[in-house]
Amino acid sequence: MFFVHRQRRQFVVYKVDAQHNAVVVEDLLSGLRIEVPYGTRDLAQAEFTDEYELHFIFQDGSEKSINLLMQGY
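The present account deals with the structure reproduced in this document. None of the values given here were measured: they were computed from a predicted structure. (Residues numbered from 1 in each chain as written. Predicted model: local features only at pLDDT ≥ 70, side-chain atom pairs only at ≥ 80, totals over all residues. Heavy atoms only, no water.)

### Topic: the sheet that holds strand β2 (residues 22-27)
Quick note on the threshold: Two strands are counted as paired when DSSP detects at least two bridges linking them. Counting from the N terminus, the helices are DSSP H or I runs at least four residues long and the strands are E runs at least two residues long. Axis lines are fitted through C-alpha atoms, for helices just across the contact stretch, and the angle between N-to-C directions can take any value from 0 to 180 degrees.
Taking strand neighbours across the sheet as the criterion, the three strands line up as β1-β2-β3 in an open arrangement whose pairing is antiparallel. A strand with exactly one partner marks an edge of an open sheet, and here the two such strands are β1 (11-17) and β3 (33-37). Across the sheet, the mean angle from the axis of one strand to that of its neighbour is 30 degrees, orientation sign disregarded. By the bridge criterion, six bridges tie β1 to β2 in an arrangement that is antiparallel. Residue V16 lies in a different strand from β2, and its bridge partner there is V23.

Here it is in structure tokens:
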């Protein structure tokens, strides 16, 4: 039987673009950078909690997580 080894993605938050309300994330393996919009609320923090799971924490205390695969990135 053959097994396909898939290397884990290494996404990091590259920068927060407050002017466009987006977080720029980079895959360290490929160098690919994508912008992920976070909406109109003021962002306090953005971090990856899992391989494809980006977690936003806003100034008002609310939180939101998105899965990059489910968003079509």
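### Points about the sheet that holds strand β5 (residues 53-58)
A sheet is described by the order of its strands in space; here three strands give the open sequence β4-β5-β6, paired in antiparallel fashion. Of all strands in the sheet, those bounded by a partner on one side alone are β4 (43-48) and β6 (63-67). For this sheet the average axis-to-axis angle between neighbouring strands, irrespective of direction, equals 15 degrees. The pairing of β4 with β5 spans five bridges and is classified as antiparallel. Paired with L43 across the two strands is F58, which belongs to β5.

### Notes on the packing of aromatic side chains
Selection rule: Only the six-membered ring of Trp is used, alongside the rings of Phe and Tyr, when aromatic pairs are assigned; centres must lie within 6.5 Å, and planes under 30 degrees apart are stacked while those over 60 apart are edge-to-face, with the rest tilted. Only protein chains enter the accessibility calculation, which uses a 1.4 Å probe; a residue is then buried when its area is under 20% of its type maximum, exposed when over 50%, and partly exposed in between.
Scanning all chains against the criterion turns up five aromatic pairs. Relative to F48, the ring of F11 has its centre 5.7 Å away and its plane inclined at 15 degrees; by these criteria the two rings are stacked. Of this pair, F11 sits in strand β1 while F48 is found in strand β4, placing the two residues 37 residues apart along the sequence. In terms of burial, F11 and F48 fall into one category: buried. A centroid spacing of 6.5 Å and a plane angle of 50 degrees characterise the contact between Y38 and F58, whose relative ring orientation is tilted. You can see Y38 sitting in the loop between β3 and β4 and its partner F58 sitting in strand β5, a full 20 residues away along the chain. Residue Y38 is classed as buried on the basis of its relative accessible area, which comes to 4%. Note on F58: relative accessible area 2%, which makes it buried.

By themselves, these figures tell us nothing about what the structure is for.
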